[in-house]
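Structure assessment
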Amino acid sequence: MWKLKIAEGGPWIKSGNSNIGRETWEFDQNFGSNEEKEAVDSAREEFQKNRFRMRHSSDILARMQLAKENNFSFDLQKAKDETPADINPNTVSEKLRKALSYFSAIQAHDGHWPGDFPGPLFTTATMIIVLYVTESLGITLSFEHRKEICRYLYNRQNIDGGWGLHAEGESSMLSTALNYTALRLLGESVDDGPDMSMPKARKWVHDHGGATMIPILGKVWLSVLGVFEWSGVNPIPPELFLLPSLVPIQPGRLWSHFRMAFIPMSYLYGKKFVGPITRLVLSLREELHIHPYKKIDWKQARKLCAKEDVYNPHTWLQECLSDCLYSFGEPFLTRWPVSYMRKKALQQIAEFLKYEDENSQYICIGAAQKALSMLCCWIENPSSDAFKRHLARVADFLWVGEDGMKVRVCAGQLWDVAFAVQAILACNIAEEDKNTLKKAHDFIKASQIMDNPSGDFSRKYRHISKGGWAFQVADQGWQVSDCTAEALKALLLLSKFSPDIANDPMETCRLHDAVNVLLSLQNPNGGYGTWELARTYPWMEIFNMTEIYADIMVEHQYVECTSSVIQALVLFCEKCPGHRKDEIDHCIRRATEFIEKSQNDDGSWFGSWGICFTYGTWFAIEGLSAVGQSYGNSTCIRKACKFLLSKQLCNGGWGESHLSSRTKAYTILDGGKSHIVNTAWAMLALMKAGQVERDPIPLHKAARLIMSMQLGNGDFPQEEMIGSFLKNGPLCYMAYRNIFPIWALGEYQKLVLQCDLQWPTL
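Computed from a predicted structure; not experimentally measured.

Check the secondary structure of the protein chain and you find 30 helices and six strands. For 762 residues, the compact-globule estimate of 2.2 N^0.38 gives 27 Å, and the protein chain sits close to it at 26 Å. If you line up the protein chain on its principal axes, its C-alpha atoms span 80 × 60 × 50 Å. For the protein chain, the proportion of contacts with a sequence separation of at least 24, taken over those separated by at least 6, is 75%. Approximately 27,800 Å² of the protein chain is accessible, and the part contributed by carbon and sulfur atoms is 52%. Side-chain charges of the protein chain comprise 81 positive and 87 negative groups, with the mean position of each set lying 4 Å from the other.

Below is the structure:
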């Protein structure tokens with residue numbers, strides 16, 4: 001049975017804080033009782049049977065193990081109570097106690113809440129390709145690993161034989177071609193899989209034009225494997241890295257996540273690297289293409305992309321530039337003596353990637369970037385210690401659920417803990433969860449980034465990080481604006497309680513460091529991006545080469561990040577009113593103006609990291625309320641409340657689809673169903689805006705819906721994806737289904753009691 005290990009290191013692993021937050025899985029055939037093994041098998045069978053109806057796993061393997069460690073009786077028979085919940089102080093308190101009891105039971109001993117982080121369906125395949133090319137597949141993945149990865153890939157296959165860009169997406173060439181390739185590399189034959197899965201996948205690829213129709217990211221990976229030709233890839237010249245930093249198209253000025261993919265991709269392109277051409281690779285050439293490999297027009301292939309994959313089409317300017325680089329630039333740059341520039345660029349990129357690897361403890365900024373960097377590291381020196389450290393960190397990205405094993409895009413340890421603390425503190429019964437809060441408090445303190453990146457980090461295009469928090473663990477080292485803000489908020493809120501709950505408070509100097517990071521990240525327009533300041537211009541998006549994502553070139557500003565910073569700085573001023581007061585006041589004022597200007601005509605705000613208008617509107621109201629705005633004195637908040645109330649469903653809930661992010665228009669879930677997290681966000685926003693005093697009925701209905709959805713063991717059901725990125729990339733935050741219902745019900749209980757309202761009978 002698979003065993004989840006928390007905060008453990010191993011050979012070739014370095015850590016600055018004893019591996020706090022690290023999550024790895026180990027197969028141990030002696031682990032678990034017979035009853036537990038049967039429960040896991042049952043959960044797997046149930047998921048496989050219902051995978052087209054419920055696309056997401058519920059993290060049963062991890063939660064069952066954590067509950068056992070915390071002496072909690074984990075009941076898999078957790079059906080909802082279909083009878084409407086009466087709303088009164090006793091029932092709300094009872095529901096909250098059950099929810100908190102369960103949530104505390106799935107907390108790890110180091111204070112965080114382990115969980116899956118499902119997102120793009122091609123990240124597993126890209127890691128498999130790297131391990132195959134570097135001849136590391138057998139030493140990194142055991143038979144049990146490969147078995148579970150195959151289970152996952154088959155479980156994620158659509159009825160038509162393809163794979164979507166994400167679990168809820170219609171089939172795409174990128175995911176289908178790469179996942180089919182991954183299964184073959186893992187040892188599956190051309191006719192393997194349940195219900196003829198492999199032939200069906202191959203047929204889907206052929207019916208949609210063959211692998212020449214794959215987007216550029218897939219073209220790069222198939223070229224690395226030897227199943228595509230580099231002459232069929234639009235140029236990604238590494239020489240761009242030699243440009244002065246003042247030039248807008250210098251890769252160092254791009255958005256951090258794209259930068260850390262583009263730069264190693266340009267290295268691979270510059271090298272025209274191809275792995276060993278094995279018998280399997282030769283077979284894949286025939287399996288994935290509809291024309292004989294030697295007769296494919298690669299010059300034409302570079303412009304092809306399946307219509308199912310195109311979300312952000314190439315502009316005419318981009319096409320012209322690619323044609324010029326392909327026909328004139330690349331031949332010129334590869335001839336002596338000009339080829340010296342390429343050699344120099346590749347050397348500098350290798351040094352840059354080494355710097356990034358070392359400063360992130362070989363975790364890198366995400367799974368896609370890690371796969372690319374790890375391959376570049378191997379090309380530089382296959383037997384290096386650096387590559388061994390890279391291999392050791394592959395385990396950090398592997399996650400096992402009842403749907404199988406996959407490579408997560410990353411993990412969100414710190415982010416979940418910061419929200420969880422605020423949710424628990426919102427409850428009147430928070431003091432009953434002292435041990436949970438203590439562990440969470442210690443985790444946040446231990447997860448603060450204590451140093452800036454090494455050396456002259458600004459020349460390596462890195463921002464200050466000392467005092468910030470990363471989305472996941474401190475070892476990764478990439479500070480994020482809203483993660484820093486939410487962690488700071490949680491610490492400041494905990495500091496208001498007795499040491500029985502919060503343990504020793506954070507040292508004031510470390511709070512100051514966090515504020516320094518936040519102030520340094522504000523952009524000239526008053527808004528906040530994610531990892532860094534915007535370093536280039538919005539018009540650079542016309543050069544977006546990905547086809548599948550939007551807004552990927554530039555560090556844009558977001559209402560969510562901006563709101564988080566406002567809230568954190570307002571709380572900080574209450575505790576340390578004299579520290580950088582004028583700068584903080586100026587920062588808050590400009591950030592508030594940014595949020596006000598970002599509001600849509602219908603009263604909503606677009607949320608870029610959650611689904612979508614509900615998420616953005618909740619954050620905006622929280623930010624404006626933090627500076628004293630209310631329904632009575634703010635036109636923005638009045639319009640926002642009107643918007644949210646107009647989207648409430650007949651059952652009292654809210655249910656927004658991930659398609660809202662893609663289409664930029666509010667879209668309800670299929671069948672007009674509600675979503676428990678959307679409902680909680682809307683409740684939190686309306687309560688912050690004073691809806692209780694005006695008309696509490698919408699909140700009563702929403703609260704009753706949330707309570708009626710609670711499962712028998714205190715958990716809440718896993719539903720559709722609720723996170724988002726780059727407009728076309730939904731994510732599934734596994735802990736949200738617990739955090740936000742608790743938060744919403746806690747605030748609801750407090751407000752109704754504070755306002756001395758009558759508890760309704762609905």
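Turning next to empty space enclosed by the protein. Counting across every chain of the model gives nine cavities of 30 Å³ or more. Estimates place the volume of the largest cavity at around 710 Å³. Taken together, 41 residues make up the lining of the largest cavity; nearest its centre are Trp 255, His 257, Gln 369, Phe 725 and Leu 726. Contributions of two or more residues to the lining of the largest cavity are made by helix H4 (123–133), helix H9 (216–225), helix H10 (256–271), helix H15 (367–380) and helix H19 (481–494). Along the lines of polarity and charge, the residues of the lining of the largest cavity split into 31 nonpolar, nine polar and one charged. Taken as a whole, the second largest cavity encloses approximately 140 Å³ of empty space. In terms of lining, the second largest cavity is formed by 18 residues, of which the most central are Trp 113, Gly 115, Asp 116, Asp 416 and Ala 735. With three residues, helix H17 (residues 413–425) is the single largest residue contributor to the lining of the second largest cavity. Of the residues belonging to the lining of the second largest cavity, the class tally is ten nonpolar, three polar and five charged.

When the UniProt feature table is mapped to this numbering, "domain: Squalene cyclase N-terminal" (unreviewed entry) covers residues 97–399. Taken end to end, residues 97–399 has its terminal C-alpha atoms 29 Å apart, with 53% of it in helix and 2% in strand.

Next up on the list: the packing of H19 against helix H22 (residues 559–575). Two elements in contact, H19 and H22, have axes separated by 8 Å at closest approach and are oriented at 35°. Once H19 is placed against H22, the crossing between them reads as left-handed. Between H19 and H22, the contacting residues are Ser 481, Asp 482, Ala 485, Glu 486, Leu 488, Lys 489, Leu 492 and Leu 493 on the first element and Cys 561, Ser 564, Val 565, Gln 567, Ala 568, Leu 571, Phe 572 and Lys 575 on the second. Of the residues assigned to the contact of H19 with H22, the class counts are nine nonpolar, three polar and four charged.

Most of strand S1 (residues 2–6) sits inside the fold, with four of its five residues counted as buried. Alignment of S1 against strand S2 (residues 23–27), held across five bridges, turns out to be antiparallel. When the bridges of S2 are listed, Lys 5 appears paired with Thr 24.

Side chains of Trp 316, Leu 317, Tyr 537, Trp 539 and Ile 542 sit close together on the surface and give an oily, nonpolar patch of about 560 Å² of accessible area. Positionally, Trp 316 belongs in helix H13 (residues 316–333). By relative accessible area, which is 68% here, Trp 316 ends up exposed.

Let's shift gears to helix H21 (residues 508–520). The end-to-end C-alpha distance of H21, which contains 13 residues, comes to 18 Å, matching closely the 18 Å that a straight helix rising 1.5 Å per residue would cover. All of the buried residues in H21 are Arg 510, Leu 511, Ala 514, Val 515, Val 517, Leu 518 and Leu 519. In this structure, the buried side of H21 is in contact with helix H18 (434–446), H19, H22 and helix H23 (581–597).

Interaxial distance between H18 and H19 falls to 10 Å at its minimum, and their mutual angle equals 135°. Taken together, H18 and H19 sit at an angle that is classed as oblique. As H18 packs across H19, the resulting crossing turns out to be left-handed. Counting all contacts with H18, which are made through Leu 437, His 441, Ile 444 and Lys 445, the residues of H19 involved are Ala 487, Ala 490, Leu 491 and Leu 494. Split by residue class, the contact of H18 with H19 holds six nonpolar, one polar and one charged.

For the peptide bond that leads from Trp 336 to Pro 337, omega is 5°, which places it in the cis range. Mapped onto the secondary structure, Pro 337 falls in the loop between H13 and helix H14 (339–359). A positive phi angle, near 50°, is found at Arg 580, a position not held by glycine. In this structure, Arg 580 sits in the loop between H22 and H23.

Considering the arrangement of structural elements, one finds Thr 530 in the loop between H21 and H22. Overall, Thr 530 belongs to the buried group, its relative accessible area being 3%. Polar side-chain contacts of Thr 530 include one of 3.4 Å to the side chain of Trp 255. Here the side chain of Thr 530 touches Glu 555 through a polar contact of 2.7 Å, side chain to side chain. In this structure, Thr 530 is in contact with Trp 255, Gln 479, Val 480, Ser 481, Glu 555, His 556, Tyr 558, Cys 561 and Trp 609, ignoring residues within four places of it in sequence.

Before going further, it helps to spend a moment on H23. For H23, which comprises 17 residues, the first-to-last C-alpha distance of 24 Å matches the rise-based estimate of 24 Å (1.5 Å per residue) to within 8%. When we look at burial in H23, the residues that qualify are Ile 584, Cys 587, Ile 588, Ala 591, Thr 592, Phe 594 and Ile 595. For H23, the angular spread of buried residues about the axis comes to 155°, placing them on one side. Of the exposed residues in H23, those oriented more than 90 degrees away from the buried face are Asp 582 and Lys 597.

The next thing to look at is the packing of aromatic side chains. Evaluated as defined, the whole model comprises 40 aromatic pairs. Ring plane angle 70° and centroid distance 6.3 Å describe the contact between Trp 531 and Trp 609, whose orientation is recorded as edge-to-face. Of the two residues, Trp 531 is situated in the loop between H21 and H22 and Trp 609 in the loop between H23 and helix H24 (613–626); the sequence distance between them amounts to 78 residues. With respect to burial, Trp 531 and Trp 609 carry one shared label: buried. Plain terms: the ring middles of Trp 681 and Tyr 736 are 6.2 Å apart, the flat faces sit at 80° to each other, and that makes the pair edge-to-face.

One finds Leu 268, Leu 375, Trp 618, Tyr 736 and Phe 740 to be the most contacted residues of the largest nonpolar core, which totals 249 residues. In contact with Trp 618, other than residues within four places in its own chain, are Phe 419, Trp 681, Leu 684, Ala 685, Phe 740 and Trp 743.

Moving on, we get to the environment of Phe 262. Mapped onto the fold, Phe 262 is located in helix H10. Under the relative-accessibility criterion, Phe 262 is labelled buried at 8%. Along the primary structure Phe 262 and Leu 217 are separated by 45 residues, whereas in three dimensions their C-alpha atoms are 9.8 Å apart. Each residue touching Phe 262, except ones within four places of it in the same chain, is listed here: Ile 236, Leu 240, Pro 251, Leu 254 and Met 545.

All right, on to the side chain of Glu 287 then. On the secondary structure map, Glu 287 appears in helix H11 (residues 279–288). Relative accessible area serves as the criterion here: at 7%, Glu 287 is assigned to the buried category. When residues no more than four places from it in sequence are discounted, the contact partners of Glu 287 are Tyr 180, Arg 184, Val 190, Arg 202 and His 206.

Turning our attention to the pattern of salt bridges. One pass over the full model with this rule turns up 38 salt bridges. For the salt bridge of Asp 396 with Arg 393, the shortest nitrogen-to-oxygen distance reads 2.8 Å. Judged by relative accessible area, Asp 396 falls into the buried class, the value being 12%. Of the residues examined, Arg 393 reaches a relative accessible area of 2% and is grouped as buried. Here Asp 403 ties to Lys 406 by a salt bridge, and the two come within 2.8 Å at their closest N and O atoms. Exposure remark for Asp 403: the relative accessible area of 0% places this residue in the buried category.

Definitions and cut-offs
Residues numbered from 1 in each chain as written. Predicted model: local features only at pLDDT ≥ 70, side-chain atom pairs only at ≥ 80, totals over all residues. Heavy atoms only, no water. Helix = DSSP H or I, 4+ residues; strand = E, 2+ residues; numbered from the N terminus. Rg over C-alpha atoms; globule rule 2.2 N^0.38 Å. Contact = heavy atoms within 4.5 Å. Areas by Shrake-Rupley, 256 points an atom, 1.4 Å probe, with all protein chains shown as cover. Lys, Arg positive; Asp, Glu negative; His and termini not counted. Charge placed at Lys NZ, Arg CZ, Asp CG, Glu CD. 1 Å grid on protein atoms, 1.4 Å probe; cavity = no way out; pocket = protein on both sides within 12 Å on 5 of 7 lines; lining within 4 Å. Points joined across faces, edges and corners; volume = space filled by probe spheres on them. Nonpolar A, V, L, I, M, F, W, Y, C, P; charged D, E, K, R; others polar. UniProt positions renumbered as here; feature names shortened; annotations may be inferred. Axes fitted to C-alpha atoms, helices over the stretch in contact; angles between N-to-C directions. Left-handed = near helix turned anticlockwise from the far one by under 90°. Buried < 20%, exposed > 50% of the residue type's maximum accessible area, 1.4 Å probe, protein only. Pairing = 2+ DSSP bridges. Patch = residues over 30% accessible without salt bridge, like charges linked within 9 Å, V, L, I, M, F, W, Y side chains within 5 Å. Salt bridge = Lys/Arg side-chain N within 4 Å of Asp/Glu carboxyl O. Expected span 1.5 Å × (residues − 1). Parallel < 35°, antiparallel > 145°, perpendicular 65-115°, else oblique. Polar contact = N/O pair within 3.5 Å; in protein donor to acceptor, adjacent residues only side chain to side chain. Arc of directions from axis to C-beta. Phe/Tyr/Trp six-rings, centres within 6.5 Å; stacked < 30°, edge-to-face > 60°. Core = buried A, V, L, I, M, F, W, Y, C linked by side-chain atoms within 4.5 Å.

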